[in-house]
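Residue strings, one per chain:
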Amino acid sequence: MRINRSDNNAENRVQPTSPAPAAQEAKEEKAAVQPPKKKEEPVREKTKPQKKRKAKQEEFEDEESKPRRRFPLGCLIVLIVLVLVGVGAYQVMKFYSEIDGDTELGPEQTITVEQGSSVSSIATQLKDAGIIQYDWLFKEYVKYSGKAGGIQFGEFTLRSGMDYNTIIQTISQETYRPTTNVTIPEGTTAVGVAQIFVDAGLVDSIDTFLNCANGTDGSDFSQYSFWTQIPDNGRLMKCEGYLFPDTYNVYADEDVYYYVDTLYAEFEAKTEGLTDTINQKGTTLDDVVKLASFIQEEAGVEAEDAKVSACFHNRLESDDPLWAEHKLESNACSYITQDVENNYLWNSPTAEYYGWPALGAIPEDVLNAYDTYRISGLPAGPISCPGYAAIEAALNPDQEYLDEGYFFFVTGHPDTDVAGQYFYAKTADEHQANVEKAGWAY
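Notes on the structure in this doc start here. (Residues numbered from 1 in each chain as written. Predicted model: local features only at pLDDT ≥ 70, side-chain atom pairs only at ≥ 80, totals over all residues. Heavy atoms only, no water.)

1. Concerning the packing of helix α14 (residues 305-317) against helix α18 (residues 388-395)
- At a minimum axis separation of 8 Å, α14 and α18 run at an interaxial angle of 45°. In terms of their interaxial angle, α14 and α18 are classed as oblique. Remark: the crossing between α14 and α18 carries right-handed chirality. Facing D305, A306, S309 and H313 of α14, the residues of α18 in contact are A389, A390, A393 and A394.
- Residues of the contact of α14 with α18, tallied by class, amount to five nonpolar, two polar and one charged. (Axes fitted to C-alpha atoms, helices over the stretch in contact; angles between N-to-C directions. Helix = DSSP H or I, 4+ residues; strand = E, 2+ residues; numbered from the N terminus. Parallel < 35°, antiparallel > 145°, perpendicular 65-115°, else oblique. Left-handed = near helix turned anticlockwise from the far one by under 90°. Contact = heavy atoms within 4.5 Å. Nonpolar A, V, L, I, M, F, W, Y, C, P; charged D, E, K, R; others polar.)

2. Notes on the environment of D220
- Note on placement: D220 falls in the loop between α9 (206-213) and α10 (225-229).
- The spatial distance from the C-alpha of D220 to the C-alpha of Y257 is 9.3 Å, given a sequence separation of 37 residues.
- What D220 contacts, discounting residues up to four positions off in sequence, is W227 and Y257.

3. Considering the environment of L105
- Structurally, L105 is set in the loop between α4 (73-100) and β1 (108-113).
- Classification of L105 as partly exposed rests on a relative accessible area of 39%.
- As for L105 and D163, which are separated by 58 residues in sequence, their C-alpha atoms are 9.9 Å apart.
- With residues up to four places along the chain from it excluded, the contact list for L105 reads R159, S160, G161 and M162. (Buried < 20%, exposed > 50% of the residue type's maximum accessible area, 1.4 Å probe, protein only.)

4. Side note on the layout of surface pockets
- When its volume is computed, the largest pocket comes out at roughly 1,100 Å³.
- In this structure, the largest pocket is lined by 34 residues; those nearest its centre are E298, N331, A332, E341 and V410.
- At the level of elements, α13 (285-298), α14, β5 (408-411) and α20 (428-437) are the ones that each hand at least two residues to the lining of the largest pocket.
- No other element matches β5, which puts four residues into the lining of the largest pocket. (1 Å grid on protein atoms, 1.4 Å probe; cavity = no way out; pocket = protein on both sides within 12 Å on 5 of 7 lines; lining within 4 Å. Points joined across faces, edges and corners; volume = space filled by probe spheres on them.)

5. Re the packing of aromatic side chains
- Considering all chains together, one arrives at 29 aromatic pairs under this definition.
- Aromatic side chains F221 and Y264 sit 4.9 Å apart centroid to centroid with 80° between the ring planes, which places their arrangement in the edge-to-face category. Taken together, the residues F221 in the loop between α9 and α10 and Y264 in helix α11 (residues 256-271) connect sequence positions 43 residues apart. The residues F221 and Y264 share a single accessibility class, namely buried.
- Arranged with centres 5.1 Å apart and planes meeting at 80°, the rings of Y401 and Y424 form a pair that is edge-to-face. Here the residue Y401 occupies a position in helix α19 (residues 399-404), and Y424 occupies one in strand β6 (residues 422-425), the gap between them amounting to 23 residues. In this structure, Y401 and Y424 share a single accessibility class: buried. (Phe/Tyr/Trp six-rings, centres within 6.5 Å; stacked < 30°, edge-to-face > 60°.)

By themselves these figures say nothing about function.
And the structure:
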């Protein structure tokens, strides 16, 4: 007999039915009693707390957004002008106080105004001494007051705090100081210059003068550019050639430094304009003075200086084989020991000062430094103090005689009708003929 399993399953399967009325009501009451569930909020991610700096930044941004109060530009300009006016007024008051003087005066000071001093140098001198504060103001005051012409040279007693009018009045009073004239001829040796000051009663001895002039007594003349450029090369005297020959009006009651300084100041003033030419020629001031001293001795006449200079330049610089050793060959400084020769090493105040004639011979080390027949080029030092014309000729020889190649010259014998006349030659033979013509042949 076949069993129908589907039917049995149908009987045992629980059929879905609608909830019973009572149960349904109970369920609805329960739902009504319970409060409704809140809507779940989305879970927020945890964030780090904001830093205070961010808050400050936001605060700063807020402040920036606010309008700023600006200082008025016009007020700033007015303030600056007022400050400048105040400072200027204060400075002007100081200037007026300087001109009118102070109520309290300083101690007395002796101020020496040198002859020929400018108002500018006097103002600087007064400032350095503490008499005034503003040298430029004093200079302008003297200038516009028209009192510059009344200022005298000499020694004056002044005090700091004096008004300008009193100062000017004081230095405008004539003071008497004994003076004397001293004349130094061109071509005088340093020993000869010293002797002139001794003979004038200004210096007690030749050694006193030379020790100062050479700096061996501690005297310093480095305020002059030429002094520091003189080489220490075995020369006899540092001062030789630099004691400028001229006529000077000097105080008769000064020390030796004053007299030497006066001569050195004149040399500096006379030669400072030659610096550019000296540099262009590729030489030195010391070499120029050396050559000038020979031109001074050998020429002695200003009209012949440039021609004699050309002869010496050719001997020192020419390519002529006969002058390859470039010796100066001047009798003014040589081994020749004849009294008739004007020889720096034998017949001169310098030779007498060192006692060489008495010794009967010129020392070998001196000949090696100064004998122009023995050495090439210029000697160790000048042989006299040349004048300005000779110095200028040493720098600017006669171009024609330089180009034509003149090497020799001779002057007429004093006892002949050609005395003082100059004869120039290019060769030794021509020179010998000129020597005879000049009256020197025996």
